[in-house]
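# Secondary and tertiary structure notes
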Amino acid sequence: MCGIVGYIGFRSVSDLLLEGLHRLEYRGYDSAGIAVLADESIVVRKRAGRVSELAALVQTQPVEGTIGIGHTRWATHGGTTDENSHPHVGGNGEVVIVHNGVIENYDSLREQLTALGYVFHSQTDTEVVAHLLAHSYIEQLKLVENSDTHAAALKAVEATLTRLKGTYGICALFRDATDTIIAARSGSPLVIGVGRDEYFVASDASPLVGYTQEVVYLADSEIAVLRRDNMSITHRTSGSVQPSIQTLEQVSSDIELGDFPHYMLKEIYEQPKTIENALRGRLDDEEGTAVIGGLNLTPQQLRSIDRVVLTACGTSWHAGLVGEYLLEEFARLPTEVEYASELRYRNPPITERTLVFAITQSGETADTLAAMRECRRKGHPTLAICNVVGSTIAREADGGIYLHAGPEIGVASTKAFTSQVTVLTLLALYLGRMRHLSYPAGKRICRELRQMPEKIEEALKCHDSVKEIAEKYAGFDNYLYLGRLYNFPVALEGALKLKEISYIHAEGYPAAEMKHGPIALVDERTPSVFVVPRCGIQPKVISNMEEVKARKGPVIAIACEGDREVERIADDVIYVPEVAEYLQPLVCAIPLQLLSYHVALLRGCNVDRPRNLAKSVTVE
Ligand code: G6P
């Protein structure tokens, strides 16, 4: 979702901001803009559309300077127009801001400011903040000693924040406080990059990569004042904060496409490696268990757990569903998977013996964060399964497990899903071995997990056949995805992938449930994708395939090599290697990712930046 980048230092700021905005594009956006402090005035360039269009505008109307802020906007209040794009100027140009988040009381603030004579040029909630800041700045200037513009600017920010309800990550430039950027957050992430005589600020670390490895993650209620040669951070209630500088592990190659045409394809192909990374150092073959260090709970505490709640959104929620089956099978722990957006407002019985896990790639999803905070507020230890190191959820959780999958840039999650499933398998093994799971079973699981990178490599060999099948089916507008047991969440995930990037209506269902509704949709124009590798329940799923065929529905099957029974019924078969049933989600996800990728390409869709979607959903 919206992305912020800011810079103060010695480099040419418009180029740097544009590059930063390019790197933030993956978050999802519909317009972009920059503001530069040049010759003691603020110059804004912004427009609806792509960062490349903004770059073209800046090329025809260049702006020089070494201090500036930039933004990619994902529309919430007001349509996608040049006027609604950020940055927004307040008052008579005293201040300019970029903002992520949602100001809930913007309507009443707008009325008050209009009554004071402020004129609005956009429909955004952000412009309210810009005018409030300008108003407050003028007031503060009269109160501070010697009309100190820097002191007035900081006080104006402090005063303005007390009037806002909602969430924000804000960066502001004040025209008369010429060597300062002020950044503040409440709910929307901001990270500061520390350089030599330069500072960066951004919504996530990607714009900083290659410039600095030293970062400070701003916490809620903190305000940072960045000058070229120093930085100070204050907490709105507890005062001055000693910044904790951390080392950024990302390197430039992590965020480069290399030889791949799209990030999604690159990330699909990274999966043998990312699964290996998720497993690295976490398998104890001798003891037949997993080694999970970061839960921050004693073995006694872990043994006393009698229930698990997994909470997440989107693809991470699907990984959670696989986790439920794993935890119940291996650890015999009753497990529920909750949509974070529901959990945050519900009051389910969670006791001190319930283990809550937030599952999230980005670590910033607003609903997942809120659900986690709600559980923590009630005093329950809440852990995270997270990819982005230093993200808000990773920092606020009581403990957890990192995916180590590297940055995921494609909006449609691929490698994060398989890493989440891998980590959940490790967790189930770990908790299982503390309970009922036998030593031989634990050893077998370790052995089977170790083979997974190789099995994923093998699964990727289906690419050419998937491409051909995509050509045959890309023109259809409705799909069903069906699977059972471990492959039911895979069916949901396959359908989600197709929806996300091809804009095709697709429904995932437990195969047997099909008879209770979806079968009414089956006809020659509705392909059904069956996830049907060999498993105990396979004959039942094959019967469901027959039922679809009997109604002239085209059938695409994901099956194991040499499965004659499936070949006999399905119109097209995509082969995956044979693995244990509980590991089938890992191999079966691969062809479904590739299928959605190729169908999207054939339909002319932008696979890495699908319309309306955001990589990191930082609003409710
Ligand atoms: C968005 C993304 C999805 C992702 C979901 C949850 O909808 O487009 O790919 O699965 O958010 O994100 P998280 O970062 O919490 O896993």
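Below is a summary of the structure that appears in this document. (Residues numbered from 1 in each chain as written. Predicted model: local features only at pLDDT ≥ 70, side-chain atom pairs only at ≥ 80, totals over all residues. Heavy atoms only, no water.)

## A word on a negative patch on the surface
- The grouping of Glu-454, Glu-457, Glu-458 and Glu-561 at the surface amounts to a negative patch.
- Along the chain, the position of Glu-561 falls in the loop between β26 (555-560) and α19 (564-569). (Patch = residues over 30% accessible without salt bridge, like charges linked within 9 Å, V, L, I, M, F, W, Y side chains within 5 Å. Areas by Shrake-Rupley, 256 points an atom, 1.4 Å probe, with all protein chains shown as cover. Salt bridge = Lys/Arg side-chain N within 4 Å of Asp/Glu carboxyl O. Lys, Arg positive; Asp, Glu negative; His and termini not counted. Charge placed at Lys NZ, Arg CZ, Asp CG, Glu CD. Helix = DSSP H or I, 4+ residues; strand = E, 2+ residues; numbered from the N terminus.)

## Re the sheet that holds strand β8 (residues 181-186)
- Spatially, the seven strands line up as an open sheet ordered β5-β6-β7-β8-β12-β13-β14, and their pairing is antiparallel. With partners counted over all chains shown, the strands left at the sheet margins are β5 (88-90) and β14 (239-241), one partner each. Between one strand axis and the next, the sheet turns through 25° on average, direction left out of account.
- As paired elements, strand β7 (residues 168-174) and β8 share five bridges and run antiparallel to each other. Residue Ile-170 lies in a different strand from β8, and its bridge partner there is Ala-184.
- Along the sheet, helix α5 (residues 149-162) makes contact with β7, β8 and β12 (222-226), crossing β12 at roughly 160°. (Pairing = 2+ DSSP bridges. Axes fitted to C-alpha atoms, helices over the stretch in contact; angles between N-to-C directions. Contact = heavy atoms within 4.5 Å.)

## Overview of the environment of Gly-9
- Examined against the element boundaries, Gly-9 turns out to sit in the loop between β1 (3-8) and α1 (13-24).
- Placed 564 residues apart in sequence, Gly-9 and Val-573 show a C-alpha to C-alpha distance of 57 Å.
- The contact partners of Gly-9, leaving out residues within four places of it in the chain, are Thr-66, Asp-197, Glu-198 and Arg-228.

## Description of helix α9 (residues 314-331)
- Counted at 1.5 Å a residue, the expected span for α9 with its 18 residues is 26 Å, and the 25 Å between its end C-alpha atoms agrees.
- Within α9, 14 of the 18 residues are buried, which leaves it mostly tucked inside the rest of the structure.
- One or two steps after α9, the chain reaches Arg-332, where phi turns positive at roughly 55°. (Expected span 1.5 Å × (residues − 1). Buried < 20%, exposed > 50% of the residue type's maximum accessible area, 1.4 Å probe, protein only.)

## Some remarks on the packing of helix α7 (residues 271-279) against helix α15 (residues 452-459)
- At their nearest, the axes of α7 and α15 sit 8 Å apart, and the two run at 165° to each other. Viewed along their axes, α7 and α15 adopt a mutual orientation that is roughly antiparallel. In the packing of α7 onto α15, the handedness of the crossing is right-handed. On the side of α7, the interface is formed by Gln-271, Pro-272, Ile-275, Glu-276 and Leu-279, while α15 contributes Met-452, Pro-453, Ile-456 and Glu-457.
- Looking at the contact of α7 with α15 residue by residue, the class counts come to six nonpolar, one polar and two charged. (Parallel < 35°, antiparallel > 145°, perpendicular 65-115°, else oblique. Left-handed = near helix turned anticlockwise from the far one by under 90°. Nonpolar A, V, L, I, M, F, W, Y, C, P; charged D, E, K, R; others polar.)

## Brief notes about the packing of helix α13 (residues 415-433) against helix α14 (residues 439-450)
- Contact pair α13 / α14: the axes reach a minimum separation of 10 Å and the direction vectors enclose 165°. If you check the angle between α13 and α14, you find them roughly antiparallel. With respect to the hand of their crossing, α13 and α14 are arranged in left-handed fashion. In contact with Thr-425, Leu-426, Leu-429 and Arg-433 of α13, α14 contributes Tyr-439, Gly-442, Ile-445, Cys-446 and Leu-449.

## Things to note about the site of the ligand
- The environment of the ligand is formed by 13 residues, the closest being Ser-316, Thr-360, Gln-361, Ser-362 and Thr-365.
- Contact between the ligand and Ser-316: an oxygen atom at 2.5 Å from a side-chain N or O atom of the residue.
- One of the side-chain N or O atoms of Ser-362 is found 2.6 Å from an oxygen atom in the ligand.
- In the complex, 91% of the free accessible area of the ligand, which totals 380 Å², lies under the protein chains.
- Counting residues per element, the shell around the ligand draws most heavily on α9, which supplies three residues. (Near = heavy atom within 4 Å. Polar contact = N/O pair within 3.5 Å; in protein donor to acceptor, adjacent residues only side chain to side chain.)

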